[in-house]
Amino acid sequence: MPDPALLSNFNFAVHIELSGLGGDEGLALGNRRGAFSEVQGLEITLEPVSIREGGYNRGARQLVGKTTSPPLILKRGLSLDPAFWTWVQRCIDGTFPLPYVSGTLRVLQADGSAPDAGVWHFENAIVTKVKSADLNAGNAREVPLEELHIVHEGLSRELT
């Protein structure tokens, strides 16, 4: 369960899981968590495939083709866990094998009184962009991570 102190201003928690594909061994230490106040990219697009079938005269049959998802974009966040940053650094280094990870994104209730409002899982992900927030000593509420872009090979929603 996410740390309530860490999530006081954030409603989305990300937990990184080891993929078992190699390259993510450095993540075995720590709890591999981050918290964010905005998430974009929770989208699945199914490409239709039209097939003309002989003897079926009402038009083309519609089948489901390739499934795609845009990158996850996590905004205005924070991770105090060094294992989370180890994963980011391994993606930056680009050494083989790449540190593919899977993860869980939990939508938390603002007051913490109810269970997770939604849970999304992403598979075989790597970081493609990290944007740090401007540092401002006068604003103690400033968060150090402005954007984190994650590309992945699959997205699914946990049904409750």
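Residue numbers restart at each chain and count upward from 1, following the sequence in its written direction. Local features in this predicted model are restricted to residues of pLDDT 70 or higher, and side-chain atom pairs are both shown and tallied only at a pLDDT of 80 or more, whereas totals for entire chains, interfaces and linings draw on every residue. Neither water nor hydrogens contribute to the side-chain values; these are computed over all heavy atoms in the structure.

**Q** Whenever I open this one, the overall build of the chain confuses me. Can you help?
**A** The way it works is that DSSP assigns letters per residue, a run of H or I at least four long becomes a helix, a run of E at least two long becomes a strand, and they are numbered from the N terminus. Helix and strand counts for the chain stand at one helix and nine strands. Secondary structure elements of the chain occur, N-terminal to C-terminal, as β-β-β-β-β-α-β-β-β-β. With 160 residues in all, the chain has 35% of them scored as buried. Considering only contacts in the chain between residues 6 or more positions apart, those separated by 24 or more positions represent 66%. Residue-level accessible areas treat just the shown protein chains as cover; the underlying method is Shrake-Rupley with a 1.4 Å probe. Element-wise, carbon and sulfur atoms account for 53% of the exposed surface of the chain, whose accessible area totals about 9600 Å². The rule is simple: take the accessible area with a 1.4 Å probe, protein chains only, and divide by the maximum for that residue type; under 20% is buried, over 50% is exposed, in between is partly exposed. The contact criterion used is simple: two residues touch if any of their non-hydrogen atoms lie within 4.5 Å.

**Q** What am I meant to see in the environment of Ala117 here?
**A** Within the secondary structure, Ala117 sits in the loop between strand S6 (101-107) and strand S7 (118-132). Each C-alpha atom of the pair Ala117 and Val107 lies 5.4 Å from the other, and the pair is 10 residues apart in sequence.

**Q** Would you mind going over a nonpolar patch on the surface with me for this structure?
**A** A grouping of Ile44, Leu46 and Val64 is seen on the molecular surface, where their side chains present a nonpolar patch of about 290 Å² in accessible area. Topologically, Val64 is positioned in strand S4 (residues 61-68). On the basis of relative accessible area, Val64 is assigned to the exposed category, the value being 62%. Candidates for patches are residues over 30% relative accessible area with no salt bridge; among them, like charges are joined within 9 Å and nonpolar side chains (Val, Leu, Ile, Met, Phe, Trp, Tyr) within 5 Å. Here, a salt bridge means any Lys or Arg side-chain nitrogen found within 4 Å of an Asp or Glu carboxyl oxygen.

**Q** Just to check I follow, could you spell out the confidence of the model for the chain for this structure?
**A** Per-residue confidence for the chain gives a mean pLDDT of 77; residues scoring 70 or more make up 71%. Contacts from residues 1-7, a stretch scored under 50 in pLDDT, to residues over four places away or in other chains number 13 contacts. The pLDDT score gives, residue by residue, the confidence of the prediction method on a 0 to 100 scale.

**Q** What is the right way to read the nonpolar core from this model?
**A** As a rule of thumb, nonpolar side chains are buried together in soluble globular proteins. Nine residue types can take part in a nonpolar core, namely buried Ala, Val, Leu, Ile, Met, Phe, Trp, Tyr and Cys, and a core is a set of them joined through side-chain atoms within 4.5 Å. Formed by 21 residues in total, the largest nonpolar core has its most connected members in Leu74, Phe122, Leu148 and Ile150. It is S7 that provides the largest number of residues to this core, a total of five residues.

**Q** Is there a simple way to explain the pattern of salt bridges in this structure?
**A** Between side chains of opposite charge, a pair can form when the charged atoms approach closely. In total, this model carries three salt bridges according to the counting rule given. With a closest N to O distance of 4.0 Å, Glu147 and Lys129 form a salt bridge. In this pair, Glu147 sits in strand S8 (residues 145-151) while Lys129 sits in strand S7, placing the two residues 18 residues apart along the sequence. Classification of Glu147 as buried rests on a relative accessible area of 15%. Residue class for Lys129 comes out partly exposed when judged on its relative accessible area of 39%.

**Q** Explanation requested: the packing of aromatic side chains in the structure shown.
**A** How two aromatic rings sit relative to each other is set out by the distance from centre to centre and by the angle between their planes. Pairs were defined over the aromatic rings of Phe, Tyr and Trp, the Trp ring being its six-membered one, requiring ring centres within 6.5 Å. Orientation was assigned from the angle between planes: stacked under 30 degrees, edge-to-face over 60, tilted for the rest. According to the stated counting rule, one finds zero aromatic pairs in the structure shown. Over the ring of Tyr56 we find Arg61, and its NZ or CZ is 3.7 Å from the ring centre. Either the NZ atom of lysine or the CZ atom of arginine qualifies as a charge over a ring when it sits within 6 Å of the ring centre and within 35 degrees of the ring normal.

**Q** Could you clarify how one ought to interpret unusual backbone geometry in this entry?
**A** Most of the time, phi is negative for any residue but glycine, and the peptide bond is trans. The backbone phi angle of Arg76 is positive, close to 45 degrees, even though this residue is not glycine. Here Arg76 is to be found in strand S5 (residues 72-78). Under the relative-accessibility criterion, Arg76 is labelled partly exposed at 34%. One non-glycine residue with positive phi stands out, namely Asn124, at about 45 degrees. Its place among the elements puts Asn124 in strand S7.

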